[in-house]
Amino acid sequence: MDKHYLTPLFTPESIVVFAGSPDSSEGQSAHALALHQALQAQRFSGSLRFLDIQSTGTLADLAQARADLAIIALPPQDIAAALEVAGRITCRAALVISSGVSTEQAAALKKIARREGMLLLGPNSLGFQRPGLQLNASATGPLAQAGSLALVSQSGALTASMLDWARSNAVGFSSVVSLGPNTGVDIAQVLDFLANDAQTQSIIVYLEGIGNARRFMSALRSAANAKPVVILKAGRKPAGNAAAQTHSGAIVGSDDVFDSALRRAGAVRVRSFVELFSAAKCLASRYRPVGRRLAIVTNGGGPGVLAADWINEIGLELGRLSADSAAALKPLLPELASLSDLIDLSEDAEGPHYQAAIEAAGRDKQIDGVLAIYSPKLGADTTAVARALAQMKRGLSKPLLACWMGDASVGAARSTLNEASIPSFRTPEAAVGAFGNIASFYQNQLLLQQTPAPLSTLAKPDIEAARLVIEGVLSERRKVLTEIESKTLLSAFHIPVTHTILARSANEAMMIATQLGYPVALKIDSPDITHKSDVQGVMLNLQHGAAVKDGYTDMMERVARLAPQARINGVTVQKMAAAKRGREIYIGLVTDDPFGPVIVFGAGGTMIELLNDRAMELPPLNRYLAHRLIERSRVAETLGDWRGASAVDMDALEQVLLRVSEMVCELPQLREMDINPIIVDEFGAVAVDARIVIDGASVAVVSSAGPGSQQYAHLAILPYPARHAQVWPMRGGGEYTLRPIRPDDAQMLQQLVHSLSAESRYFRFVSSMTELPPAMLARFSLIDYDREMALVAVSKQRSLDANGEAQETERIIGVSRYITNPDQSSCEFSLVVADDFSGKGLGSRLMESIMDVAREKGLSEIEGLVLAKNPGMLKLMKSLGFSIKPFAEDPDFKWVTHAL
């Protein structure tokens, strides 16, 4: 049961092929011919049988052809029949290699696969390769060299090109998967498989589109948490939506949102095919995420300076040797060598000099990676220097990249570097960019670890009042809220706003202004006017009653002339914000297809679209994410002490972002929002104006969700399910907290495994391992709450620190977990309890609680395997009402099930 559900597809033990006769090419498609050639070019380790749907014999004959995987490469009109036959012989997965299959035909094939309980990769796929299994089930050319890099591509042409490039660059693959449009098994499922595949150390993806944003983000976060993921996306769309009713909607493009989504998922995005190749070189060398300090070792000042310029251009840091390292290295180098910034070895440098310099950089704690640049000199042996790098590469713990300048004279040297798995580039800029991708992955991992709850720890908002306002607007068949209605929503979530009152006459405006106190601002109030300034509908700093009366009259006349079709409710009167040196900020919301709501932050005011300052993040937010969001904006530079103005109250600004995140999570009707401007200074932040667009129609980024997650079906990232946290009494005294696991629980989870007896570890993992491997630890602690759940029992314990002072620490003393099965109606569970807490009712409580969560999710059955030699667990299962039966596939286990 530890096998991934896609194992029959990607790791089959037996295969049947429907692609015509392998002995005759007559009447076969190009795909069928390519498949026959691919399958027969090497010996597959499992069983392989060819069937012809036109001449296959009796059902008894078919029964003998039972297999894990059916591969179909037939004309479109014959595919359905072959898929039916595959179902009859109980194939567990099917691969359809084809092109030109329509959306309607694809839907019919998926229906057959669902009815027969088969996984379906395709149609319109070119298949897959698994070099480690000697399996080439594709029409993409010869089998790739085995390696640790996985390639997933939604373009067959790009897949073939990438494989052709890899053959001449010594890049090997663990898996190559071609996904066409309308495929049954989608990119999210393939990523989930690769995240759990021990042969895959890193993943590159070519992406053209996604269907289910929640499932894609979940699988991508899971994969990126365990191994580096680099993505090239086609179809970038420019910003600018003519139909947008807010500034945010006008300046945010879908490509910006995709960037934000990938960053939040912990993946790295590249912008070109060349960058994807560069990333593949680095990942194939098994370089892990590192910091941003890159040292340059060169024999020529010009190329070194070009590399340093590009380091600054893309936001990296030039790695410099410490004074001690430089002093120790200097005697080993040519006389003209310079170590001030670049490690310039001079044109007299040879292999030993490069070795000494790179070894010094490898030991220096101020350096995260090394780029060796070599410019060929007359009479010099370029290959000898490359061999020197190859000899020392294994002993280097940091990424080593190479750039051999030139062409004809350095070909042999580049071959030497490729054979040693040292990424080699033709230009300094390409090499620096490749290192930047590695560094970006390290930075994005910090975002990946964030799993905020939908509501922050701030004062609870008045969600019901906000919903009543929205219901009132929708009942009037309106979608655009007035300024007062918008500010009412903000106030319900405790976002400070300027006091605003609607006046319907000049006299009423004067009286309101007098009560509020001068100076005041007047603004036109109309559901049909998106930007008030465009129709001269804003007047500021009015100092007395006469100015207010005249201003009201003038404004109504101007707006009626400039926007004759607009409905006018009146003019709002509000007291001017008192901040003299405040900064104008805007916080907005846009709704993206397919990622749903996105929070936007940047410089505000009337020139917002001209400034085009936008940083964005997917909700929900926490303090860390809010802080990083602010940092990524251009206006962030002005928020500290700036040109005589004191630093703004960052805590207040972050609180506004957290409140907006709460609004987005709890109010799925929100479509667009502008809070512009927000005036922020050293004393706080206040929203001066706001405009909100809503829609009663539900927007879901997940195609199906159980009752427990339906509330947040509009979010691409499911919030931390804090509602499941409970405090329970411990049998024998004390108490413990039962709550969903968080990514920062990883260390405590590892400590729990360390503390278990050898017998308890074997009962849980059916293994003698003493600790969780890094990939498994990451997989167990950062989970997808939408398709799985892990509840941890946490006990607080008091102890003394090194100074003898009392301290309180937390310890995980038990974990229950379920993972939804591919049928989406049942789940598999696991349970472990610390040895020193057994017999205290912890196991029962953990199981009952995880069953409650699964039941709330809409699952109908929970099941699992228990070792027959684990009497304590079997006793617990019986007491909870589980059915206990022998497990047909292995007599050492019992199969336990319970209806939910």
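Preceding block: the structure.
To keep things clear, this report deals only with the structure shown in the data block. (Residues numbered from 1 in each chain as written. Predicted model: local features only at pLDDT ≥ 70, side-chain atom pairs only at ≥ 80, totals over all residues. Heavy atoms only, no water.)

This paragraph deals with the overall build of the chain. The helix and strand tally for the chain stands at 29 helices and 36 strands. Taking 900 residues into account, the globule formula puts the C-alpha radius of gyration at 29 Å, and the chain, at 32 Å, falls close to it. Each of the three principal axes of the chain carries a C-alpha extent, and together these read 95 × 80 × 75 Å. Counting every position in the chain, which comprises 900 residues, the buried fraction comes to 56%. Long-range pairs, those at least 24 residues apart, make up 70% of the contacts in the chain with a sequence separation of at least 6. Only carbon and sulfur atoms are counted for the fraction: they give 50% of the accessible area of the chain, which is about 37800 Å². If you average the places of the 86 positive and of the 94 negative side-chain charges in the chain, the two averages end up 3 Å apart. (Helix = DSSP H or I, 4+ residues; strand = E, 2+ residues; numbered from the N terminus. Rg over C-alpha atoms; globule rule 2.2 N^0.38 Å. Buried < 20%, exposed > 50% of the residue type's maximum accessible area, 1.4 Å probe, protein only. Contact = heavy atoms within 4.5 Å. Areas by Shrake-Rupley, 256 points an atom, 1.4 Å probe, with all protein chains shown as cover. Lys, Arg positive; Asp, Glu negative; His and termini not counted. Charge placed at Lys NZ, Arg CZ, Asp CG, Glu CD.)

The next thing to look at is the pairing of strand β34 (residues 861–867). The element β34 is extensively covered by neighbouring structure, given that 5 of its 7 residues are classed as buried. Sheet analysis places strand β33 (residues 826–833) next to β34, joined by 3 bridges and oriented parallel. Residue pairing in the sheet places Glu828 in a bridge with Glu863 of β34. Each parallel crossover has a hand, and the one from β33 via helix α28 (residues 842–856) to β34 is right-handed. Where β34 lies against strand β36 (residues 893–899), 7 bridges are found, and the strand directions are antiparallel. (Pairing = 2+ DSSP bridges. Right-handed = clockwise from strand over helix to strand, strands pointing away.)

Right, let's get into the sheet that holds strand β21 (residues 538–542). Strand order in this open sheet of 4 strands is β19-β22-β20-β21, and the pairing throughout is antiparallel. Here the strands that pair on one side only, and so sit at the sheet edges, are β19 (500–503) and β21. Adjacent strand axes in the sheet meet at a mean angle of 25°, parallel and antiparallel pairs treated alike. Strand direction decides the pairing type here: strand β20 (residues 520–525) and strand β22 (residues 570–575), joined by 6 bridges, are antiparallel. The residue bridging Asp525 from the neighbouring strand is Gly570, located in β22. Set on the sheet, helix α19 (residues 483–492) makes contact with β19, β20 and β22; between it and β19 the angle comes to about 160°. (Axes fitted to C-alpha atoms, helices over the stretch in contact; angles between N-to-C directions.)

Turning to the sheet that holds strand β5 (residues 119–125), a few remarks are in order. Sheet strands associate in pairs through backbone hydrogen bonding, adopting either a parallel or an antiparallel arrangement. The strand order β2-β1-β3-β4-β5 describes an open sheet built from 5 strands, whose pairing is parallel. In this open sheet, the two edge strands, each paired with only one partner strand, are β2 (47–51) and β5. Averaged over all pairs of adjacent strands, the angle between strand axes in this sheet comes to 15°, irrespective of strand direction. Judged from the 4 bridges that link them, strand β1 (residues 14–18) and strand β3 (residues 69–72) form a sheet pairing that is parallel. Among the inter-strand pairings, Ile15 is bridged to a residue of β3, identified as Leu69. On the sheet, helix α4 (residues 76–88) packs against β1, β3, β4 (93–97) and β5 and is oriented at approximately 165° with respect to β3.

What follows concerns the nonpolar core. In this structure, Met847 and Met877 are the most contacted members of the largest nonpolar core, which totals 102 residues. Residue contributions to this core peak at 9 residues, all from helix α24 (residues 650–666). Beyond its immediate stretch of four places on either side in the chain, Met847 contacts Phe829, Leu831, Leu876, Met877, Leu880 and Phe882. (Core = buried A, V, L, I, M, F, W, Y, C linked by side-chain atoms within 4.5 Å.)

Before going further, it helps to spend a moment on the packing of helix α15 (residues 382–392) against helix α16 (residues 411–419). With their axes 8 Å apart at the nearest point, α15 and α16 run at an angle of 10° to one another. With respect to their mutual orientation, α15 and α16 come out roughly parallel. On α16, the residues that touch Thr382, Thr383, Ala386, Arg387 and Leu389 of α15 are Ala412, Ala413, Thr416 and Leu417. Of the residues contributing to the contact of α15 with α16, the split by class is 5 nonpolar, 3 polar and 1 charged. (Parallel < 35°, antiparallel > 145°, perpendicular 65-115°, else oblique. Nonpolar A, V, L, I, M, F, W, Y, C, P; charged D, E, K, R; others polar.)

So, on to helix α20 (residues 506–516). Looking only at α20, the buried set comprises Ala506, Ala509, Ile512, Ala513 and Leu516. Projected down its long axis, α20 shows its buried positions confined to an angular sector of 125°, all on one face. Summarising the geometry of α20, the exposed residues directed more than 90 degrees from the buried face are Thr514 and Gln515. Packed against the buried residues of α20 are β19, β20, α21 (545–562) and β22. Just downstream of α20 lies Gly517, where phi reads positive at about 95°. (Arc of directions from axis to C-beta.)

This brings us to the environment of Leu831. For Leu831, the position within the fold is in strand β33. Residues Leu831 and Gly843, 12 residues apart in the sequence, show an inter-C-alpha distance of 7.5 Å. Beyond its immediate chain neighbours, meaning those up to four positions away, Leu831 contacts Arg764, Val815, Ser816, Gly843, Leu846, Met847, Met873 and Leu876.

Bringing unusual backbone geometry into the picture now. Leaving glycine aside, a negative phi is the common case for residues, and trans is the common case for peptide bonds. Of the consecutive residues Tyr518 and Pro519, the connecting peptide bond is found in the cis state with omega at 0°. Inspection of the secondary structure assignment puts Pro519 in the loop between α20 and β20. Cis peptide bonds are those with omega within 30 degrees of zero, and the linkage from Pro619 to Pro620 qualifies with 0°. Relative to the helices and strands, Pro620 resides in the loop between β25 (615–617) and α23 (623–631). In this structure, Ser346 takes a positive phi of about 80° despite not being glycine.

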